[in-house]
Amino acid sequence: QVQVVESGGGLVQAGGSLRLSCAASGSVFSIDDMAWYRQAPGKQRELVATITRSGSTNYADSVKGRFTISRDNAKNTVYLQMNSLKPENTAVYSCTADIRAGGGSVHCWGQGTQVTVSQ
């Protein structure tokens, strides 16, 4: 069995920074694409950033230039560095990972971590 767990959320003032982490554990053979999503209160979940195993990235237009996704394949971990945070970035941030394990592939979701940006 495999799982991913996020950490690093919290309360920060506008203009501040946070770094989220998401680590996969269990019988992980390798991980293909990884991504960060967020869902703000009363809004639909949206894709924030994606990264392939080789390191190719894509970002939502709203976070380009402020957020950076990266990964450490040796640690089965993906990161989201968030700078110049705005109150509208307040949301639950969740990671996903396409994990190869046990002869198959599993698309895993984490439980999410709350990010709150105050004025």
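Residues numbered from 1 in each chain as written. Predicted model: local features only at pLDDT ≥ 70, side-chain atom pairs only at ≥ 80, totals over all residues. Heavy atoms only, no water.

Colleague: Teacher, can you tell me more about the state of the cysteines here?
Modeller: Should the sulfur atoms of two cysteines be covalently bonded, the bond is a disulfide. Summed over all chains, the structure comprises one disulfide. Disulfide partner of C22: C95, at an S-S distance of 1.7 Å. Here C22, found in strand β3 (residues 18–26), pairs with C95, found in strand β9 (residues 91–101); they are 73 residues apart in sequence, far enough to count as distant. For the pair shown, C22 and C95 are each scored as buried. Between C108, a free cysteine, and C95, which holds the nearest cysteine sulfur, the sulfur-to-sulfur gap is 8.9 Å. We classify C108 as buried; its relative accessible area is 7%. (Disulfide = S-S within 2.5 Å. Helix = DSSP H or I, 4+ residues; strand = E, 2+ residues; numbered from the N terminus. Buried < 20%, exposed > 50% of the residue type's maximum accessible area, 1.4 Å probe, protein only.)

Colleague: When you look at the packing of aromatic side chains in this model, what are you seeing that I'm missing?
Modeller: Two descriptors summarise a pair of aromatic rings, namely the distance from one centre to the other and the angle between the planes of the rings. Counting across every chain of the model gives one aromatic pair. Ring geometry for Y37 versus W109: centroids 4.8 Å apart, planes at 45 degrees, classification tilted. Residue Y37 is located in strand β4 (residues 30–39), and its partner W109 is located in strand β10 (residues 104–109); the two are separated by 72 residues in the primary sequence. W109 gets classed as partly exposed once you look at its relative accessible area, which sits at 33%. Stacked on the ring of Y79, the Lys or Arg R19 has its end atom at 4.0 Å from the ring centre. Sitting above the plane of the Y37 ring, R45 keeps its charged end 5.9 Å from the centroid. (Phe/Tyr/Trp six-rings, centres within 6.5 Å; stacked < 30°, edge-to-face > 60°. Lys NZ or Arg CZ within 6 Å of the ring centre and 35° of its normal.)

Colleague: Is there a simple way to think about the pairing of strand β8 (residues 77–82) in this case?
Modeller: Within a regular beta strand, the side chains point alternately toward one face of the sheet and then the other, so they alternate between its two faces. Across the six residues of β8, five count as buried, placing the element largely inside the fold. In the sheet, β3 pairs with β8 via six bridges, with the strands oriented antiparallel. Looking across to β8, one finds that R19 is bridged to Q81. Two elements, strand β7 (residues 67–72) and β8, share six bridges in a ladder whose sense is antiparallel. Across the sheet, F67 pairs through a bridge with M82, a residue of β8. Counted along the chain from β7 to the antiparallel partner β8, the turn is four residues long, and its residue N76 has a positive phi close to 50 degrees. (Pairing = 2+ DSSP bridges.)

Colleague: Sorry if this is basic, but what is going on with the sheet that holds β8 here?
Modeller: Within a beta sheet, neighbouring strands are joined by backbone hydrogen bonds and run either parallel or antiparallel to one another. Within the open sheet, the four strands sit side by side as β1-β3-β8-β7. Their pairing is antiparallel. Two strands in the sheet have a free side with no partner beyond their single neighbour: β1 (2–7) and β7. Between one strand axis and the next, the sheet turns through 15 degrees on average, direction left out of account. (Axes fitted to C-alpha atoms, helices over the stretch in contact; angles between N-to-C directions.)

This is a description of form; function is not addressed.
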